[in-house]
Amino acid sequence: MNSNFDRSISDEDVFKRRATLLQRLHIDGWLLLILLVLGAGSLFVLYSASGKNWDLVIKQASSFGLGIFAAIVIAQFEPRFMARWVPLAYVVGVGLLVVVEIMGHTAMGATRWINIPGVIRFQPSEFMKIIMPATIAWYLARHNLPPKLKHVTVSLVLIVIPFVLIAKQPDLGTGLLILASGGFVVFMAGLQWRWILGALAAVVPIAVTMWFFVLREYQKQRVLTFLDPESDPLGTGWNIIQSKAAIGSGGVLGKGWLLGTQSHLDFLPESHTDFIIAVLSEEFGMVGVCILLLVYLVLIARGLVITAQAQTLFGKLLAGSLTMTFFVYVFVNIGMVSGLLPVVGVPLPFISYGGTHLVTLLSGFGVLMAVHTHRKWIAQV
């Protein structure tokens, strides 16, 4: 008995001595490397897309540094510790969305921010991108899977509440992403196929209802522009027409860094935010876009590996949802910029300019690190 105990202690001591600094800090080296590559690349592209605006580059670098710090801090917490605080986080997140509805800061025709003068201005809906999947993962992990109808119903209610509040801001793009993040958890929990088919059958009546009772005029116009951008080439169709022109003009190798004409001559609006991949495509061509997509693919693959290796149901559902939601971010942004999807205002992960968005995104990968690096400890308990 003592011999086995001494041997286990010895093995643990050996592991601690052999552990690298990254392992001791609960940091996944592959994730960190990929994130740093994307961060460096984003500053490189942003400098050109913003018209050589160093202020935006410095702000983006600061946000990236803050996000990496947040990811490292989050990685220190065990998933089961996170699970204890998920219900409170959900209540606080919904509460902040209600505060936005009542007394939020309005800019560019939307009320999405909470502004504390002289201190900070932030967008609470961004935090729900992590809180939402964590909440559904916490709830479903407490019950036997596959989930029963009542558990699916409760999950949908938890998802719809923040979605409605965010859609009213209005911010339909973020609302749909949060809807998807919660939906991925329900799907991975083992949703029965008859319910999935029923949901698909309900898409048409739901879409009709949203068109007449939910969507605002400018959102309807975005859909109509998506179907026929040439119908108003100097108005609502301008963005997508110029975006596709920038993408096409880049060719295979691109025009070269800082040599893009669509963005530098102000033909391409929002070139440093939602449409930044058009700038990248024009200056670095198809090769540059393929390299970026390859980096994204490696990042997603690493997230799926972490999901497969997760040793708790909560961790597996949460990691899988965060990874698949990240895929949706990339797919939707590239789809809307290239004219394959309606414009919904979704930034390109890590490349588009944005403070709260970047910090939240990196925090999500901090959660993935926590799920992965705490596996051995969980297995010993």
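It should be noted that the structure appears before, not after, this text.
The notes below deal with the structure included here. All residue numbers refer to position in the chain's written sequence, counted from 1. Local features in this predicted model are restricted to residues whose pLDDT is 70 or higher, and side-chain atom pairs enter the listing and the counts only when it is 80 or higher, whereas totals over whole chains, interfaces and linings include all residues. For side-chain calculations, the full set of non-hydrogen atoms in the structure is used, while hydrogens and water are omitted.

**Points about the overall build of the protein**
Then, in step 1: The helix count covers DSSP runs of H or I at least four residues long, the strand count covers runs of E at least two residues long, and both are numbered beginning at the N terminus. Counting its secondary structure elements, the protein contains 17 helices and 3 strands.
Then, in step 2: Values of the radius of gyration come from C-alpha atoms, whereas the globule rule sets the reference at 2.2 Å times the count of residues to the power 0.38. Over its C-alpha trace the protein gives a radius of gyration of 22 Å, about what one expects of a compact globule, namely 21 Å for 381 residues.
Then, in step 3: Principal-axis analysis of the C-alpha atoms places the extent of the protein at approximately 80 × 50 × 45 Å.
Then, in step 4: Counting over 381 residues, the protein shows a buried share of 45%.
Then, in step 5: Of the roughly 19,100 Å² that the protein leaves accessible, carbon and sulfur atoms contribute 69%.
Then, in step 6: Of the side chains in the protein, 26 bear a positive and 19 a negative charge, and the two mean positions are spaced by 11 Å. Any residue under 20% of the maximum accessible area for its type is buried, any over 50% is exposed, and the rest in between are partly exposed; the area is computed with a 1.4 Å probe on protein chains only. All accessibility values rest on the Shrake-Rupley procedure with a 1.4 Å probe; residue burial counts only the protein chains present in the view. Just so you know, the count uses Lys and Arg for positive and Asp and Glu for negative, and it drops His and the chain ends. Think of each charge as sitting on NZ of Lys, CZ of Arg, CG of Asp or CD of Glu.

**Here we look at the environment of serine 155**
Then, in step 1: For serine 155, the position within the fold is in helix α7 (residues 149-167).
Then, in step 2: For the pair formed by serine 155 and alanine 207, sequence separation is 52 residues and the distance between their alpha carbons is 21 Å.
Then, in step 3: Two residues form a contact once any of their heavy atoms are found within 4.5 Å. Contact partners of serine 155, with chain neighbours within four places excluded, come to Ile136, Tyr139, Leu140 and Val186.

**What to know about the environment of leucine 179**
Then, in step 1: As for its placement among the helices and strands, leucine 179 is situated in helix α8 (residues 172-188).
Then, in step 2: Taking C-alpha positions, leucine 179 is 9.8 Å from threonine 325, a pair spaced 146 residues apart along the chain.
Then, in step 3: Not counting the four nearest positions on each side in its chain, leucine 179 is found in contact with Ile159 and Phe163.

**Section: the side chain of glutamine 169**
Then, in step 1: Secondary-structure assignment places glutamine 169 in the loop between α7 and α8.
Then, in step 2: On the basis of relative accessibility, which here comes to 5%, the residue glutamine 169 falls in the buried class.
Then, in step 3: Contacts of glutamine 169, omitting those with residues within four sequence positions, involve Leu97, Val100, Ala110, Thr111, Arg112 and Ser125.

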